[in-house]
Amino acid sequence: MSPSYEQYKNIEVLYHHEITTGTTPTTFDPYAPVTRQQFATFIMRSLNASSK
């Protein structure tokens, strides 16, 4: 399955707000499983971004 343009736009928003950083500085793996630690980090970064 190939990622759609809309998926890229959603990832771009998350990256712009520093909620996600990718698997390396130059790649992002949308099909990799998310760990509990990563999900907790997403939530904390989201809360911090929304409070700015």
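Here's what I pulled together on the structure shown here. Note that the structure is predicted; figures quoted are calculated from it, not measured.

Moving on to the environment of Gln7. Looking at the element boundaries, Gln7 is found in helix H1 (residues 5-16). On a C-alpha basis, the gap between Gln7 and Pro30 in space is 8.9 Å, while along the polypeptide they are 23 residues apart.

In this model, the largest pocket occupies a volume close to 450 Å³. Every residue lining the largest pocket is counted, 20 residues in all, and those nearest its centre are Thr20, Phe28, Asp29, Val34 and Phe42. Of all elements in the fold, only H1 and helix H2 (36-50) reach the threshold of two or more residues within the lining of the largest pocket. Here the lining of the largest pocket takes 5 residues from H2, the largest share from any one element. Looking at the lining of the largest pocket residue by residue, the class counts come to 9 nonpolar, 9 polar and 2 charged.

What follows concerns the pattern of salt bridges. Considering all chains together, one arrives at 1 salt bridge under this definition. Two residues, Glu12 and Lys9, come together in a salt bridge whose shortest N-O distance is 3.0 Å. With Glu12 and Lys9 both in helix H1 and 3 residues apart, this pair spans about one turn of that helix. What makes Lys9 partly exposed here is its relative accessible area of 32%.

In this section: H1. Taking 1.5 Å of rise per residue, 12 residues should cover 16 Å, and H1 covers 16 Å from first to last C-alpha, within 8% of that figure. In the stretch just after H1, Glu18 is the one whose phi turns positive, near 60°.

Okay, a nonpolar patch on the surface next. A grouping of Val34, Phe39, Ile43, Met44 and Leu47 is seen on the molecular surface, where their side chains present a nonpolar patch of about 490 Å² in accessible area. Among the secondary structure elements, Ile43 is positioned in helix H2. Among the residues examined, Ile43 registers a relative accessible area of 38% and is labelled partly exposed.

Analysis parameters
- Residues numbered from 1 in each chain as written.
- Predicted model: local features only at pLDDT ≥ 70, side-chain atom pairs only at ≥ 80, totals over all residues.
- Heavy atoms only, no water.
- Helix = DSSP H or I, 4+ residues; strand = E, 2+ residues; numbered from the N terminus.
- 1 Å grid on protein atoms, 1.4 Å probe; cavity = no way out; pocket = protein on both sides within 12 Å on 5 of 7 lines; lining within 4 Å.
- Points joined across faces, edges and corners; volume = space filled by probe spheres on them.
- Nonpolar A, V, L, I, M, F, W, Y, C, P; charged D, E, K, R; others polar.
- Salt bridge = Lys/Arg side-chain N within 4 Å of Asp/Glu carboxyl O.
- Buried < 20%, exposed > 50% of the residue type's maximum accessible area, 1.4 Å probe, protein only.
- Expected span 1.5 Å × (residues − 1).
- Patch = residues over 30% accessible without salt bridge, like charges linked within 9 Å, V, L, I, M, F, W, Y side chains within 5 Å.
- Areas by Shrake-Rupley, 256 points an atom, 1.4 Å probe, with all protein chains shown as cover.

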